[in-house]
Amino acid sequence: MNLNELNPMQRKAAEQLDGPVLILAGAGSGKTRTLTYRVANLLEHGVKAWHILALTFTNKAAREMQERIERLAGESATDAWIGTFHSICCRILRRDIEKIGYEHSFTIYDEDDQQRVIKAILKQLDIDEKFLPPKSISAAIGDAKNRVLNPDEWLKNSPADYRSQKIHDVMTEYEQRLKAANALDFDDLLMKTLQLFLEHPPVLQYYQQRFQYVHVDEYQDTNYAQYQLVRLLTQESRNLCVVGDDDQSIYGWRGADIRNILDFEKDFPDAVVIKLEQNYRSTANILDAANQIIAHNEGRKEKELWTEDGEGEKIALYSAADEREEAGWIASRIRALNRQGISYGNMAVLYRMHALSRVLEETMMRAGIPYRVYGGTRFYDRKEVRDILAYLRVIENPADDVSLARIINVPKRAIGDSTVDTLAQFARQNDMPLYSAVAAPPDTLPARAKKSVQGFAAMMAGLLIARETLPLGEFVQKVIDEAGLITQYEKDADNNEENQTRIENIREFMGAVTEFEQKSEDKSLFAFLENVALVTELDNQENVPNYVTMMTLHSAKGLEYDAVFLSGMEEGIFPSARALQEENRLEEERRLCYVGVTRARKLLHLSFARRRLLFNQMQFNAPSCFIQEIPKRLIQEEWSSPAQSSGGGWGSYGGTGMKPRPQYGYGDTVPARKPAVNGLNIPGVQRGFVASPARNINVQLFKTGDHVLHRKFGKGVVREVSGTGENARIAIVFPVFGEKVFALSIAPIVKVEE
DNA sequence: GTTTCTAATATTTTT
DNA sequence: TATTAGAAAC
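Rules of the game
Each chain has its residues counted from 1, running along the sequence as written. Here chains are named by letter from A upward and ligands by number from 1 upward, in the order in which they appear as written. For this predicted model, a pLDDT threshold of at least 70 governs which residues receive local features, and a threshold of 80 or more governs which side-chain atom pairs are given and counted, while totals over whole chains, interfaces and linings are taken from all residues. The side-chain values count all of the structure's non-hydrogen atoms but skip hydrogen atoms and water molecules. Comment: elements are numbered from the N terminus, with helices defined as DSSP H or I runs of at least four residues and strands as E runs of at least two. Throughout this description, buried means an accessible area under 20% of the type-specific maximum (1.4 Å probe, protein chains only), exposed means over 50%, and partly exposed covers the range between. Any two residues having at least one pair of non-hydrogen atoms within 4.5 Å are treated as being in contact. Throughout, the term near means that a residue has one or more heavy atoms lying within 4 Å of the molecule or strand in question. We define a polar contact as two N or O atoms separated by no more than 3.5 Å, with the added condition that, inside protein, one atom must be a possible hydrogen donor and the other a possible acceptor, whereas residues neighbouring each other in sequence contribute only through side-chain atom pairs. Strand pairing is defined by DSSP finding a minimum of two bridges between the two strands. Think of each axis as a best-fit line through the C-alpha atoms, taken over the contacting stretch in the case of a helix, with angles from 0 to 180 degrees between the N-to-C directions. These descriptions rest on fixed angle ranges, namely under 35 degrees for roughly parallel, over 145 for roughly antiparallel, 65 to 115 for roughly perpendicular, and the rest for oblique. One less than the number of residues in a helix, times 1.5 Å, gives the span that helix is expected to have. Remark: nonpolar core denotes a set of buried residues (Ala, Val, Leu, Ile, Met, Phe, Trp, Tyr, Cys) joined through side-chain atoms within 4.5 Å. Stacked, tilted and edge-to-face are the three classes assigned to paired rings of Phe, Tyr and Trp, where Trp is represented by its six-membered ring and a pair needs centres within 6.5 Å; plane angles under 30 degrees give stacked, over 60 edge-to-face, the rest tilted.

J.: It is not clear to me how the overall build of chain A should be interpreted in this structure. Could you clarify?
T.: Counting its regular elements, chain A contains 30 helices and 21 strands. Taking all 754 residues of chain A together, the buried fraction comes to 56%. Counting only contacts in chain A whose residues sit at least 6 apart along the sequence, the fraction spanning at least 24 positions is 75%.

Here it is in C-alpha cells:
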C-alpha cells in the first residue's frame, strides 16, 4: 500500500486513524478508495483486523470493499467484519439473541411474510382492509421501528384518532405474533440488536472492545436505529469514521435521517472533517450540470465538485413522442456508442421505477442489445421457490407459523382452509405454535382431515431427522423429493409451459444451494436462509462484462458507467407524483437526480416522453423540472421528428431523418412543476408540438414479428413498421447483419414462412 | 376440497 | 398490464 497514490485530502482521511472523522465525499471523489486505504493503513499500523468493523448499506458495497481491502492488504484483512448493517446485526444476534428471549434459530421475515401476518391479524381483529390497507400498516410498523418506538410509544407520538388506535392494535398483535413465531423482520434485526446492547451491557462491552475502529459508509442514509447502534459501539473507543454525502441521501422514505450527517459535528465536537471534492469520474460538463441541479436544494453542506478533466461532450436531451420512441432512441444510441467502441458493460439505463423498465427491455431485446435488469421480481420471490424456502424455514424454526401455513397444503394434500383454521384456532387457544397443533392434531377435526394432517406431520418429522444427518444440498434435495415439490408440476408439464419453468426454477434453486455449499464457510441451513433473506442474487452475480445495465436510480448509487441514460425525465415520474405533492420530498428527488447524473463518466443522456402509457393509462407529462435546472449551454437537444409517430425511427438514428431541432426550446414553454395527472391536465408543454399523426393504416402487409427475406441480407424478422406512404419505414433484424431500416416502398423484401 | 373462471386492484425507491 | 383475490362450479 502506498499512500502517495491518494490526493492530499484523501490521504489526510486515510491517515487520520483515531477519533471521530467525518469524510464528506462528493460523488466520484474516490470515497471507497479512501476508505480502503484507511483500513489498509490501520492494518499497517498494527491494528488487528479483528478490531475493524465496516458497515455498508448494500451487499454490493460491502463486497466491493472487502475485495479491495483484501487486494490492498492481503490475508491480514480477513478477520475484519465488513458487511451491511443487517447482516452484521444478524451475526451479532445469532450469538446472543437468546438473552432477549428468542431462539437461536430465528427466522427473518421479509415484506411478503410481513404482509401475510398483517392480513391475518386484520382478519382476526375484524378490520376492513379498505379502512386500513396492510401496506399502510407495514409502513407504520417500519416507521415506529426506524424511530425505535414500541407500539405504545408510537401511539403517543401519533394523532389521537381511531385510526391510530387501530394501527396500534395491529402493531401490538404483530409484535406478539412475530415473537411467538421466533421471527424478526428487517427492522427488527437492527432494533433487537439495539435492545440486546441496552439490556445486556456485557454484550455491548464485548463488541465495544472488539470493534476498536468503526467505519460507516453512506452515513447520510442511516436511520435513528442505525445511528444509535453506531453511537453505542463507539462510545468507548470514539474511533468512528463515517463517510457520506448529504447530497446523496435518497432513503428518507425508509427512515434515513439526513440530520445524522448534518449534525455529526455537533455529536462529536472534536471531529475531524475532511471534504473530498475533486471528482475523478465525470467530465466537467456533467459535473457542472450536477452542481447546478443540487444547488437548488437548501439546507445542505456547501460543496462543489470539480475536475481536472476536460469539458467533454454536451448532455444529450431527447424529447420522444411516447415511451416506445424514447426506448427506441436509447437503443439506437446504445448501438451507435457500441460501434464507437464503448462496450455494453460500460453503459447503463436508469429509471425512477421498475415499471418503466418493460418497454426498455422489449426494445433492447428486439434491437439485439445484451442487457441485464437489476432488481424487480427476484428469483427468490417466485412462488415455487418461496414454497421450498418455507419448508426449509419450518424445519429450521418450527415456530414459524407463516411459513407453515404456506406449505401445509402445498402440494395439495387435502388439508383445506377449514382444517387449517381449526388447527390455528386450537393452537392459539393453547398458546402454542401451529406446528404443535399439526404434530398432535385435536380430535375436533374430522377423521379424514386428521389423517391428512398426520400424514403431513409424519413427513415433516422425517425431514427434521434427516436434517441432522445429511449435508445441506442432499437434504434440500430430499425435502423437494419427499414433499413432491417437483412432482406436483410434472403431471402436465409437457403441455404447460408455466409448470415447465417452475420445475426449472426449482432446479435452479438446487443449483443455488450447491453453489452456496461450495462457496460458503458456514454450510448450515440457518446460514443459507440468512443468505437468502439478506443477500439478493444480484449481489452474488459477478460483474457480467458485456451487458447494458438497467436499473432504478436507487440501485445505481455507488456505480459508474461511461454512458448513462436517464429515462422517463417527466413530472409525475421523476420527480414522482408523490414528491410533487410535498415540497420537502422534492429535495430528495433532486438528490436522486444528482445521484443519477453523477453516475456518468463521459456521456449523459436525458430523455422524456411527451406521451406515455403507464399502468394502462395515457399520461401527458411535462418534462421534469430537473431538466430546466441544467444550464442550457450544457445541453444538446434532439427532438423526434413528428412524422415518425409511435415507436418509429430509432433505427435511423445517426443516419437519416433525425436532426436536432433546437428551435423548440423546452424551458420557456414548460410550466414549472405542474403535476400532470393522467391526461386530465395536459400541461402547456403540449403547445409547441405538432400533434402526432394517427397510427398508420396502410402498413399491414408487414407486421412486427413477420419473417422476411431480403435480397441482400437474407432472412430477418420485422421489428417495426412505421410511417405511412412514402415515409413508411420497416425495421428488420437480421441474425448476421443486425438491425436495418428500409423505406417500405422500395425495400427488396418478401414475406416468408418461418 | 379443488379447480377454474372472473373481477378487482394496484403500481416508488430497498435491506 | 399482470397479478392475485374471491366466487362459483365441480
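J.: Explain the protein's contact with DNA strand B to me, please; I cannot follow it from the model alone.
T.: Around DNA strand B sit 27 residues in total, of which Glu111, Arg352, Thr419, Arg578 and Arg585 are the nearest. When the atoms of DNA strand B within 4 Å of the protein are sorted by group, sugar and phosphate make up 51%. Within the contact set of DNA strand B, a base oxygen lies 2.4 Å away from a side-chain nitrogen or oxygen of Glu111. In the environment of DNA strand B, a phosphate oxygen lies 3.0 Å from a nitrogen or oxygen atom belonging to the side chain of Thr552. Residue assignment for the surface near DNA strand B shows that the elements contributing at least two residues are α19 (417–429) and α27 (553–556).

J.: Looking at this structure, I do not really get the sheet that holds strand β2 (residues 52–56). What am I missing?
T.: Hydrogen bonding along the main chain pairs the strands of a sheet, whether they run parallel or antiparallel. Reading across the sheet, the six strands line up as β3-β2-β6-β7-β1-β8 and stay open at both edges, with parallel pairing between neighbours. Each of the sheet's edge strands pairs with one partner strand only, and the pair in question is β3 (81–84) and β8 (272–276). Each adjacent strand pair in this sheet contributes to an overall mean axis angle of 15 degrees, direction not counted. Pairing geometry for strand β1 (residues 21–25) and β8, over five bridges, is parallel. Looking at the pairing, Val21 lines up with Val272 of β8. The strands touched by helix α1 (residues 8–15) within the sheet are β1 and β8, with β8 carrying the most contacts at an inclination of about 145 degrees.

J.: Is there a simple way to explain the packing of helix α6 (residues 134–146) against helix α8 (residues 162–180) in this structure?
T.: For any two helices packed against each other, one specifies the inter-axial angle together with the distance between the axes. Contact pair α6 / α8: the axes reach a minimum separation of 10 Å and the direction vectors enclose 75 degrees. Put simply, α6 runs roughly perpendicular to α8. From α6, Ser136, Ile137, Ala140, Ile141, Ala144 and Lys145 reach across to α8, where they touch Arg163, Ile167, Val170, Met171, Tyr174 and Glu175.

J.: Explanation requested: the side chain of His86 in the structure shown.
T.: Among the secondary structure elements, His86 is positioned in helix α4 (residues 85–96). Contacts of His86, omitting those with residues within four sequence positions, involve Phe186, Leu189, Leu190 and Leu534.

J.: It is not clear to me how helix α9 (residues 186–199) should be interpreted in this structure. Could you clarify?
T.: In an α-helix there are 3.6 residues to a turn, and that puts residues three or four apart on one side. Relative to the 20 Å expected for 14 residues at 1.5 Å per residue, α9 spans 20 Å between its end C-alpha atoms, a close match to the ideal helical length. The element α9 is extensively covered by neighbouring structure, given that ten of its 14 residues are classed as buried. Residues of α9 that are buried include every one of Asp187, Asp188, Leu189, Leu190, Met191, Lys192, Thr193, Leu194, Leu196 and Phe197, and no others. The N-cap residue of α9 is Asp185: its side-chain oxygen and the backbone nitrogen of Asp187 are 3.1 Å apart.

J.: Sorry if this is basic, but what is going on with the side chain of Glu588 here?
T.: By secondary structure assignment, the location of Glu588 is in helix α29 (residues 583–597). Not counting the four nearest positions on each side in its chain, Glu588 is found in contact with Ser249, Ile250, Tyr251, Gly252 and Trp253.

J.: Looking at this model, I keep getting lost on α4. Mind explaining?
T.: When the terminal C-alpha atoms of α4 are compared, their 17 Å separation across twelve residues agrees well with the 16 Å that a helix rising 1.5 Å per residue should span. By the criterion of burial, α4 is predominantly enclosed, with nine of the twelve residues buried.

J.: Can you help me understand the nonpolar core in this one?
T.: Taken as a class, soluble globular proteins show a tendency for nonpolar side chains to be buried jointly. In terms of nonpolar packing, the biggest core is built from 70 residues, with Ile334, Val349, Leu566, Met569 and Leu604 touching the most fellow members. With residues up to four places along the chain from it excluded, the contact list for Met569 reads Phe574, Cys593, Leu606, Ser607, Phe608, Pro623, Ser624, Phe626 and Ile627. If you look at the next biggest cluster of nonpolar residues, it comprises 50 residues, including Ile395, Leu404, Ile407 and Ile408.

J.: Is there a simple way to think about the packing of aromatic side chains in this case?
T.: For any two aromatic rings, the description comes down to two numbers: the centre-to-centre distance and the angle of the planes. This model, assessed by the stated rule, comprises 16 aromatic pairs. Taken together, a centroid distance of 4.6 Å and an interplanar angle of 5 degrees make the contact between Tyr318 and Trp329 stacked. Highlighted residues: Tyr318 in strand β9 (residues 315–322) and Trp329 in helix α15 (residues 323–339), separated in sequence by eleven residues. For the ring pair Phe516 and Phe528, a centre distance of 5.2 Å and an interplane angle of 70 degrees mean the geometry is edge-to-face. Remark: Phe528 occurs in helix α25 (residues 525–534) and Phe516 occurs in helix α24 (residues 497–519); sequence separation between them is twelve residues.

J.: Any chance you could explain unusual backbone geometry here in plain terms?
T.: Across residues other than glycine, the phi torsion is negative in most instances, and most of the peptide bonds are trans. For the bond running from Phe574 to Pro575, omega is 5 degrees, close enough to zero to count as cis. Residue Val148 is not a glycine yet carries a positive backbone phi of 55 degrees. Checked against the element boundaries, Val148 lands in the loop between α6 and α7 (151–156). You can call Val148 partly exposed: its relative accessible area is 25%. If you check the backbone angles, Asn182 has positive phi at about 55 degrees while not being a glycine. Relative to the elements of secondary structure, Asn182 occurs in the loop between α8 and β5 (183–185).

J.: Is there a simple way to think about the pairing of β1 in this case?
T.: Looking along a regular strand, one sees the side chains alternate between the two faces of the sheet. By the criterion of burial, β1 is predominantly enclosed, with five of the five residues buried. The alternating pattern of β1 places Val21, Ile23 and Ala25 on one face and Leu22 and Leu24 on the opposite face, and all of these are buried. Sheet topology note: the β1/strand β7 (residues 240–244) ladder contains four bridges and is parallel. The residue bridging Ile23 from the neighbouring strand is Val243, located in β7.

J.: Explanation requested: the environment of Ala316 in the structure shown.
T.: With respect to the helices and strands, Ala316 occurs in strand β9. The sequence separation of Ala316 and Glu265 amounts to 51 residues, and the corresponding C-alpha distance is 40 Å. Contacts of Ala316, omitting those with residues within four sequence positions, involve Trp329, Leu604, His605, Leu606, Gln636 and Glu638.

J.: Is there a simple way to explain the environment of Asp257 in this structure?
T.: Structurally, Asp257 can be placed in the loop between β7 and α12 (259–262). Sequence separation between Asp257 and Ala399 is 142 residues; the distance between their C-alpha atoms is 35 Å. Other than its neighbours up to four places away in sequence, Asp257 contacts Gln220, Thr222 and Asn223.

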